[in-house]
Each structure stands twice: as C-alpha cells, then as structure tokens.
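Coordinate inspection notes
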Amino acid sequence: DLYSQFSQKPVGAVDLAGPQVALPGIPITLTATVSPTDATLPITYTWANADTAPITHVISGTIDSQSFVWTEAGVHTVIVTATNGAGTAVNQLLVMMPAPIPVGAVDLAGPQVALPGIPITLTATVSPTDAATPITYTWATAGTAPIIHVISGATDSQSFVWTEAGVHTVMVTATNGAGTAVN
C-alpha cells in the first residue's frame, strides 16, 4: 500500500570498517554499519570480493560482519551492499596483504670442536629476522637421517653427539614459502 511505501526509511549509507592489512591465512573480520540506525528492517547485506563468491546475510539489524581469509599477496577489494525495501548503499574497503618476506640467509653458530660422546648444540639464525613464518629447518650430517623442525621463529637449535674423532660437517637448510638458505 502507498502508506507503507512512504513510511519505510531507506538505507542511506553503509560504513565499512576493519583491518586494512592482512596476513596470509589469518582471518580478518570486516563490519558494515548502516545509517540511519532506524532504517527499515530487514536489511540484506551482500559481501563480495574477487576471490570468493558473494555472501549474503538478511538480518534485522543495522550492523553485520563477515570474515575473509586470503593467501595471495596484493590488494584485495571488499564491497558490501546494504539494501532494504526503500534504498541501497554500497561501500568498499581495500585490504593490503604484503608479500611474505623470504629467508635470505641462515647463519650457524656453536662450538667448532667436539669431544667424542659429548653433545654440542648448534644454533641456526635466519635473516632477515622478520622472514615469513613458519620456517622449516632441516639439519643434516653424514650418517644420520635429516632432522626437521618447523617453527615460528628466526632461530632453531639442534644437539649432536659423535662417537668417532674426525671432521663432522653439519648443514642446515632454512626455508619458508618465499625463500631458502643453506649453511
């Protein structure tokens, strides 16, 4: 009827808020807020970005949220459309996901002399220290199976014990999704 058509309050605007920087694989939540706060309900919120199919919520409220997860570096545009029977509003937010920082080098520190039967501990440190994690450290020395640690840190340690005198070479490989270094 004509009365209900004119008594509806349209969605006038939609504000879109949330983090503008994302990390690979870590969810972020964006929030859409419709104004005026007394806009006629229900409101249909449609969330869209180039990486996923549109997501639609029909709710009886002027605030809606949606989480997003990206794995690719770059700028991701999220568009939200809020609509009721009397009006529509659209807004967008750009979310930047920087490229992961590669492991550039790995330094190995520890004793260079070992006595038979006495353990020594060697420490590997990657640079830059803010390289993307997780980092996989693979320790190798002749006569043993590789030892693999996957950690969220720029340093890793491993103990070794040799029973025979002689020169023993230890090699460590540090790798993340963006780069590899060997020492």
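Summary of the structure given here. Because the structure is a prediction, the values reported are computed rather than measured.

A few words now on the sheet that holds strand 13 (residues 170–176). The 4 strands lie next to each other as 11-10-13-14, forming an open sheet whose pairing is antiparallel. Strand pairing shows two members of the sheet lacking a second neighbour, strand 11 (147–151) and strand 14 (179–182), which therefore form its edges. The average angle at which neighbouring strand axes cross in this sheet is 15 degrees, direction not considered. Sheet analysis places strand 10 (residues 135–141) next to strand 11, joined by 5 bridges and oriented antiparallel. The residue bridging Thr136 from the neighbouring strand is Val150, located in strand 11.

Let us look at the packing of aromatic side chains. Following the criterion strictly, the structure yields 4 aromatic pairs and no others. Pairwise contacts between aromatic rings join Trp47, Phe68 and Trp70 into one cluster.

Looking at where Asn49 falls in the secondary structure, it is placed in strand 3 (residues 43–49). Among the polar contacts listed, one links the side chain of Asn49 to the side chain of Thr52, at a separation of 3.1 Å. The contact partners of Asn49, leaving out residues within four places of it in the chain, are Phe68, Trp70, Thr77 and Val78.

Okay, a nonpolar patch on the surface next. On the surface, Val21, Val75, Leu94 and Met96 cluster together into a nonpolar patch covering about 360 Å² of accessible area. With a relative accessible area of 37%, Met96 lands in the partly exposed category.

A few words on the nonpolar core. The biggest cluster of nonpolar side chains holds 21 residues, and the ones touching the most others in it are Leu30, Val34, Tyr45, Trp47 and Trp70. When contributions to this core are tallied by element, the ones reaching two or more residues are strand 1 (13–17), strand 2 (28–35), strand 3, strand 6 (74–84) and strand 7 (87–97). If you look at the next biggest cluster of nonpolar residues, it comprises 17 residues, including Ile120, Trp139, Ala154 and Ala181.

It is worth spelling out the environment of Val182 at this point. Position of Val182 among the secondary structure elements: in strand 14. Leave out the neighbours within four places in its chain, and Val182 touches Val106, Met171, Val172 and Thr173.

For the rest of this paragraph, the subject is the pairing of strand 3. Along strand 3, the buried face is formed by Ile43, Tyr45, Trp47 and Asn49; none of Thr44, Thr46 and Ala48, which line the opposite face, is buried. In sequence, strand 3 turns back onto strand 4 (residues 52–59) through a hairpin of 2 residues. Looking at chain direction, strand 3 and strand 6 are connected through 5 bridges and run antiparallel. Paired with Trp47 across the bridge in strand 6 is Val80.

Next up on the list: the sheet that holds strand 5 (residues 63–68). Two orientations exist for strands paired in a sheet by backbone hydrogen bonds: parallel and antiparallel. Pairing within the open sheet is antiparallel, and its 3 strands lie in the order 1-2-5. Whereas interior strands pair on both sides, the edge strands pair on one side only; in this sheet they are strand 1 and strand 5. Strand-to-strand, the axes of this sheet are offset by a mean angle of 20 degrees, without reference to chain direction. Pairing of strand 2 with strand 5, which is carried by 6 bridges, proceeds in the antiparallel orientation. Residue pairing across strands places Ile28 opposite Phe68, the latter belonging to strand 5.

Each value, and the rule that gives it
Residues numbered from 1 in each chain as written. Predicted model: local features only at pLDDT ≥ 70, side-chain atom pairs only at ≥ 80, totals over all residues. Heavy atoms only, no water. Pairing = 2+ DSSP bridges. Helix = DSSP H or I, 4+ residues; strand = E, 2+ residues; numbered from the N terminus. Axes fitted to C-alpha atoms, helices over the stretch in contact; angles between N-to-C directions. Phe/Tyr/Trp six-rings, centres within 6.5 Å; stacked < 30°, edge-to-face > 60°. Polar contact = N/O pair within 3.5 Å; in protein donor to acceptor, adjacent residues only side chain to side chain. Contact = heavy atoms within 4.5 Å. Patch = residues over 30% accessible without salt bridge, like charges linked within 9 Å, V, L, I, M, F, W, Y side chains within 5 Å. Areas by Shrake-Rupley, 256 points an atom, 1.4 Å probe, with all protein chains shown as cover. Salt bridge = Lys/Arg side-chain N within 4 Å of Asp/Glu carboxyl O. Buried < 20%, exposed > 50% of the residue type's maximum accessible area, 1.4 Å probe, protein only. Core = buried A, V, L, I, M, F, W, Y, C linked by side-chain atoms within 4.5 Å.

The analysis is restricted to geometry; functional conclusions fall outside its scope.
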